[in-house]
Amino acid sequence: MRSTMADSPIQEMTMEELLSEEKRVARGQVVTGQIMKIEEEEIIVDVGYKTEGVIPKSEFQDITGELTVKLGDKVEVSVERMADSNGRLRLSKRNVDKSRVWQNLEETHGSGGVIKGRITKKVNGGYRVDLGVVEAFLPASQLSLQKGPDAGEDQMEKIFDFKIIKIDRNRSNVVVSRRPVLELERGETRAKRLGELNPGDIIEGRVKSLVSYGAFIDLGGVDGLLHIADIDWGRVNKVEDYVKADSQIKVMVLQVDKEKGKISLGIKQMATDPWTEADKRYRVGQTVEVEVTHFADYGVFLRTPDNLEGFCHVTEISWSKKSKKPSDLFKVGEKRQAQIIEIDFEKRKISFSFKRLEKSPWENVAQRHSIGSNIQATVTNIADFGLFMEIEDGLEGLLHQSDITWDKRMKAPQKEFKTGQVLTVKMLAIDLEKKRISLGLKQVEGDPWDKVEEKYRPGQVLMGKVQRLVEFGAFLELEKNVEGLVHKTEIASPVPLKVEDALKPGDEVEVKVLT
């Protein structure tokens with residue numbers, strides 16, 4: 001409730017006294033007064049004149065809203081108006097302070113010091129900050145170290161330390177920032193935290209972010225790197241399979257580089273290394289249960305119950321020669337029995353085989369497919385030197401190009417066949433040591449020259465087809481893979497000057513067997 005003239009400690013003045021007082025007091029004049037009364041919204045100040053002075057209470061409150069004066073305090077104020085509606089002097093402390101505040105702000109800016117301010121409201125591009133007498137602008141990008149559209153929503157009406165990054169008294173323009181203050185605080189916190197951490201410490205942290213090579217962990221003021229290689233003793237393909245963003249995890253401090261501010265962390269180091277005394281638990285030839293962890297084009301990765309990481313090459317998966325992807329044969333998480341075929345404790349490598357736990361198709365192969373017997377086989381691959389053929393699942397043989405046909409004129413007879421084609425072939429040889437089988441196709445038909453002497457006798461007359469001409473005569477096909485030569489002198493009488501004058505390829509002619 002405002003005071004009246006009757007309540008005022010200063011006596012009511014006549015018009016003549018007011019006019020006389022006005023001559024002694026000038027607007028804008030700075031005078032010293034004493035706090036006489038503190039009301040709900042105003043403060044009464046005695047400045048030594050016949051009429052009382054009044055100032056808004058808000059001008060004596062700091063940015064926290066606390067009153068900075070008490071009854072009897074001396075204050076410097078300026079005269080704003082000679083008399084209000086109640087005949088009192090309107091005074092201002094803010095205008096007196098403003099000049100000093102600007103000077104302090106400029107000195108603070110020049111020295112790089114900090115000031116306190118209260119964020120009052122959001123404006124275009126940033127926020128308004130109350131510095132006490134002067135308002136400053138805080139760009140949104142300078143509010144915090146984290147980026148986010150709503151970073152300042154929970155900062156409203158809160159008091160913080162700021163750095164002045166731009167000041168122009170003439171334009172009443174002050175720009176402040178929180179970032180330098182926060183960076184300094186972060187640096188101090190980081191240095192302190194680095195000094196507290198030692199290799200071997202087990203601490204809890206928050207997963208700040210995931211990257212392809214690991215995860216960054218917030219350890220309370222300082223970040224550490226959990227490398228993918230230090231997450232688990234086994235192979236880790238994806239960090240997110242083991243670590244979740246924004247979760248709390250326990251880690252071990254592996255290294256602290258205080259000079260560079262880097263911290264290396266590990267999870268697997270908190271568990272026993274599975275390779276410790278592995279030589280006492282595993283040996284070549286041992287059958288163990290393994291779990292499928294993931295695949296590659298060239299094989300499957302496996303893990304023992306005590307987390308030893310091993311590998312089975314695609315050639316050790318099955319005796320079958322049929323090409324299949326490991327992912328077609330296994331499922332991640334599937335458990336199977338496998339045999340250890342190689343182990344290197346120094347290099348921490350272990351090789352497994354699945355097929356060696358199965359019966360080898362090479363066992364008793366000679367009893368099942370004896371030399372000289374005819375069998376059915378399927379073309380699996382066509383090479384420059386012949387055909388690879390599957391005799392049974394996991395058992396393959398080679399049909400060399402020289403054993404395909406008796407016709408020596410064919411330079412690459414294997415090109416006449418297709419993958420998947422089934423042929424009747426003869427078992428020619430079996431090499432158990434090298435695991436090789438030789439097959440023959442032409443041998444199934446038999447060598448046509450074995451019966452030539454019986455079939456073609458001297459003096460016999462028969463038909464033949466001209467195949468090719470040479471300078472000294474012509475070769476005739478008598479039957480498949482059997483040819484005879486008609487010498488130039490035996491073609492006609494008189495003898496032709498050139499063979500092609502008498503015969504052409506494809507001609508069918510009657511001939512007599514001489515020898």
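The helix and strand inventory of the protein chain stands at seven helices and 29 strands. Radius of gyration (C-alpha) of the protein chain: 52 Å, far over the 24 Å computed for a compact globule of 515 residues. Dimensions of the protein chain along its principal axes, counting C-alpha atoms only, are 170 × 70 × 40 Å. For the protein chain, with 515 residues in total, the buried portion stands at 38%. In the protein chain, 58% of the contacts between residues at least 6 apart in sequence involve partners at least 24 apart. Roughly 30800 Å² of accessible area belongs to the protein chain as shown, and the carbon and sulfur atoms make up 47% of that amount.

This part covers a nonpolar patch on the surface. A grouping of Ile38, Leu67 and Leu71 is seen on the molecular surface, where their side chains present a nonpolar patch of about 230 Å² in accessible area. Within the fold, Leu67 resides in the loop between strand 3 (53–56) and strand 4 (74–81).

Below, the discussion takes up the sheet that holds strand 24 (residues 422–431). Strand order in this closed barrel of five strands is 21-22-23-25-24, and the pairing throughout is mixed. Taking each pair of neighbouring strands and ignoring which way they run, the sheet shows an average axis angle of 50 degrees. Bridge analysis of strand 23 (residues 395–400) against strand 25 (residues 436–440) gives two bridges, and the strand direction is parallel. When the sheet's bridge partners are listed, Leu399 is paired in strand 25 with Leu439.

This paragraph deals with unusual backbone geometry. Cis geometry is adopted by the peptide bond preceding Pro494, which originates at Ser493 and carries an omega value of 0 degrees. For Pro494, the position within the fold is in the loop between strand 28 (482–487) and strand 29 (508–512). Backbone geometry places Asp246, a non-glycine residue, at a positive phi of 70 degrees. Under the relative-accessibility criterion, Asp246 is labelled exposed at 53%. For Asn364, which is not glycine, the phi torsion reads 55 degrees and is therefore positive. Here Asn364 lies in the loop between strand 20 (349–353) and helix 5 (365–368). Classification of Asn364 by relative accessible area gives partly exposed; the value is 47%.

Criteria and thresholds
Residues numbered from 1 in each chain as written. Predicted model: local features only at pLDDT ≥ 70, side-chain atom pairs only at ≥ 80, totals over all residues. Heavy atoms only, no water. Helix = DSSP H or I, 4+ residues; strand = E, 2+ residues; numbered from the N terminus. Rg over C-alpha atoms; globule rule 2.2 N^0.38 Å. Buried < 20%, exposed > 50% of the residue type's maximum accessible area, 1.4 Å probe, protein only. Contact = heavy atoms within 4.5 Å. Areas by Shrake-Rupley, 256 points an atom, 1.4 Å probe, with all protein chains shown as cover. Patch = residues over 30% accessible without salt bridge, like charges linked within 9 Å, V, L, I, M, F, W, Y side chains within 5 Å. Salt bridge = Lys/Arg side-chain N within 4 Å of Asp/Glu carboxyl O. Pairing = 2+ DSSP bridges. Axes fitted to C-alpha atoms, helices over the stretch in contact; angles between N-to-C directions.

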